[in-house]
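Survey of secondary and tertiary structure
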Amino acid sequence: MTAETQDTLDIPQADPALTRDPQVKAYNGPAGGWGALKSVGEHLQHSRAPLTGVRALLSTNQPAGFDCPGCAWGDPLEGSSFEFCENGVKAVAWETTAKRVSRDFFARHTLSELESWDDFRLEDQGRLTEPMRYDADSDRYVPTSWDEAFALIADHLAALDDPNQALFYTSGRASNEAAYLYQLFVRLYGTNNFPDCSNMCHEASGVGMMASLGTGKGTVLLEDFEETDTIFVLGQNPGTNHPRMLGDLRRAVKRGARVVTFNPLRERGLERFADPQDKLEMLRGGSQTISSDYLQPRMGGDMAALRGIAKALFALEAEGRFTPASAFIDQYTHGLAEWRARVEATPWQDLEDQSGLARAELEHVAEIFASAKRLIITWAMGITQHEHSVDMVREIINLLLLGGHVGRPGAGACPVRGHSNVQGDRTMGIDESAPGFLIDALEARYGVAMPREPGFNTVGAIHALEAGQADVFLGLGGNFARATPDTPRTESALRRTRLSVQISTKLNRSHLVVGGDALILPCLGRSERDRQGPAGDIQKISVEDSMSMVHASAGRTEPASPWLRSEPAIIAGIAETTLKRVLPRRGIDPAVVDWAALASDYDRIRDDIAAVIPGFDDFNARLAQPRGFHLANPVRECRFPTASGRAEFSAAPLPETLLHQRMHAKREAGWLTLQTLRSHDQYNTTVYGYNDRYRGIKGQRRVLFASSADMQRLGFAAGDWVDLIGLDHDGKPRRAAAFRLVEYDIPEGCCAAYYPETNPLVPLESVGKGTDTPTSKAVAIRLERSARIV
């Protein structure tokens, strides 16, 4: 690595897990502020194209610009000149880098060598530049043409005995237009095998809200944060995962709103925030307190905490100090009596034991709830990656319904999705269990019968590969090998494929995990100009944010290579070549879809979307509006498309025991509950560096955050190196080696570490009920002293 790289980001040249102790120093500043500005400069410089990055940033999240390739937080209707955050800068700099991975790079490095590189080093090599095919004889990727790549894919797909032997993965980065073409191609091919990144994150939000409200999407708009007086933040860390949210929380607090946070870890972004765009605040070195109250439940204890708040509210009602929204409840809901009976029958001792919170803490929050006129509850994966996540989501909705905080301004449910279009992909039909109305609409539009039986989700896809039920894997973005749980089994399963195809912008671990044939198909990034058709007309795409706002995105920088193709163009090329060979066998004319026409003009794709997907009437005209349009949510109008036509209270019991309770008898032997999480220099599986500024870590990722009490109880001290020992579903041990203990403010019995390094500890069989989402926020581990070589 260059001296510039070493100086700028303090990046080790060798494997940091084996050669480098982290610098651990408490961070005393606020989130944002000068620390964020310094980080922005460092990452732009590290890209070796800082001016290109700066120019791109001026177009980020702007009406005529491109949507940030990072998080799905909404854009304000009246934006500023700068609508990006620190981690958005990292994402844009990562994409606009001057570094390139060319055919010369692959000629110098075998896959066996690249497998020894860590995730940062792989992606830091730069942008992919041309299609590559794996050559097993030389153990290298070699150049291929687009036509040859499409033909190879068609060969494999046409040779399968059953379309269900192919898997079609989708990342949340894909645009609405790409996602629509992808699901259309795959369903015409004959399967609903759509493993998707949403299967691993917010599936419980969709399932739980659908059961309670009849919709799987959040019910608030960004403007509601300007009218609310109370916000509950559960199981999320916006300072790292969606930093622009901090600006909206800050503005709400400055208006007088209260923010009550539930999070096992003390996270700086939820404590104090300094807005880098507030010149006066920056000059004064000031900051804004975010959370008026900060509660630290045990991992998975949020449901018991919410039920404790409800129990306290019913007690306040008996004292005449709280009035449920009776008129709303009587007119619009069903099931209150059953839920209330369940709540009141739950002993306080059980609620305290499961939540890890004191009764007095929950009673205090209940008083805040009772005084709220407009309440928003917002949550993320700290809620959705547990065995009982659906019930936790439904308990959130129970509280909102009790106070009538649904269907009116300044109130509602706000699940914060992670990637920038993960919600839009599901809207477009990326769904292994697609609703019947979608299949009906597709059949009506194209006159072809579509598959209706459910396909494989993400965990199911890995099992299918293991069992020999699937032979071909296509990945539309993402990094499947690192995003999924149970890394050794996932990689072993992927090595069984006859063909793997990765549509990507950067080199990542999934490109190295191959079985038979393998292709890397490089695509345009969100920030790059997309020219299509004979005249090279610039195209725009669209995305949907967490608030169901659909808006346009058009890249402004020149492509990293003339050989890159857009995701819609790649999908159309694969589809046309494959379906010409497959559809005639079923008596279907391949010309049922003009793929070349769709790829040359995305307005035509949007015309098809308008004809098939509800809510997209006049799609092209409405997309031309500066900030796009809102997909109508019936719940905002107090219409609940459930079977009963009413919002449903859930009377689900608390889990009999949480993981920390089940392991209590073993805690003397060293058992802890681990949650996996991101560092601040990370977005999903993309690692931008080895630092985690807000948690005080520099130069290392293999760290384990634990309480001083647990370290003392287990015979360790801060700075010790330990191995993390988990259990397989059949009781066999599994190990993640060499983690440095770091003292942190976290409940006893709980600990935290970064993924994907800890993914090997998450059993493939440990999933949420009703979701198959890996339980990555509740992993049983014990510690052993590491044999790490210093």
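Computed from a predicted structure; not experimentally measured.

Conventions we followed
- Residues numbered from 1 in each chain as written.
- Predicted model: local features only at pLDDT ≥ 70, side-chain atom pairs only at ≥ 80, totals over all residues.
- Heavy atoms only, no water.
- Axes fitted to C-alpha atoms, helices over the stretch in contact; angles between N-to-C directions.
- Helix = DSSP H or I, 4+ residues; strand = E, 2+ residues; numbered from the N terminus.
- Parallel < 35°, antiparallel > 145°, perpendicular 65-115°, else oblique.
- Left-handed = near helix turned anticlockwise from the far one by under 90°.
- Contact = heavy atoms within 4.5 Å.
- Nonpolar A, V, L, I, M, F, W, Y, C, P; charged D, E, K, R; others polar.
- Buried < 20%, exposed > 50% of the residue type's maximum accessible area, 1.4 Å probe, protein only.
- Expected span 1.5 Å × (residues − 1).
- Polar contact = N/O pair within 3.5 Å; in protein donor to acceptor, adjacent residues only side chain to side chain.
- Core = buried A, V, L, I, M, F, W, Y, C linked by side-chain atoms within 4.5 Å.

Things to note about the packing of helix α24 (residues 458-466) against helix α26 (residues 487-494)
At a minimum axis separation of 8 Å, α24 and α26 run at an interaxial angle of 55°. On the basis of the axis angle, α24 is oblique to α26. Crossing handedness for the pair α24 and α26: left-handed. In this structure, α24 uses Ile462, His463, Leu465 and Glu466 to contact α26, whose residues at the interface are Arg489, Thr490, Ala493 and Leu494. Residues that form the contact of α24 with α26 fall into these classes: 4 nonpolar, 2 polar and 2 charged.

Focus: the environment of Leu761
By the element assignment, Leu761 lies in the loop between β32 (750-754) and β33 (779-785). Of the residues examined, Leu761 reaches a relative accessible area of 1% and is grouped as buried. Excluding residues within four positions of it along the chain, Leu761 makes contact with Leu674, Leu724, Ile725, Gly726, Arg734, Arg735, Ala736, Val779 and Ile781.

So, the environment of Thr657
With respect to the helices and strands, Thr657 occurs in the loop between β24 (647-648) and α31 (659-662). When the C-alpha atoms of Thr657 and Gly335 are compared, they prove to be 25 Å apart, with 322 residues separating the residues in sequence.

Describing helix α21 (residues 389-402)
The end-to-end C-alpha distance of α21, which contains 14 residues, comes to 20 Å, matching closely the 20 Å that a straight helix rising 1.5 Å per residue would cover. Burial of α21 is extensive: 13 of the 14 residues sit out of reach of the surface. One or two steps after α21, the chain reaches Gly404, where phi turns positive at roughly 70°.

Overview of the side chain of Glu757
With respect to the helices and strands, the residue Glu757 is situated in the loop between β32 and β33. Within the local environment of Glu757, its side chain forms a polar contact with the side chain of Arg701, the two groups lying 2.7 Å apart. When sequence neighbours within four positions are dropped, the list of residues in contact with Glu757 reads Arg701, Arg702, Ala736 and Phe739.

Comments concerning the nonpolar core
In terms of nonpolar packing, the biggest core is built from 67 residues, with Tyr180, Phe185, Leu521 and Trp595 touching the most fellow members. Of all the elements, helix α10 (residues 176-189) adds the most residues to this core, at 10 residues. Residue contacts for Leu521: discarding those within four places in its chain leaves Pro131, Trp146, Ala149, Ile153, Val501, Gln502, Ile503, Ser504, Ile570 and Ile574. Core analysis: the second largest hydrophobic core is formed by 55 residues, Leu213, Ala310, Phe328 and Phe369 among them.

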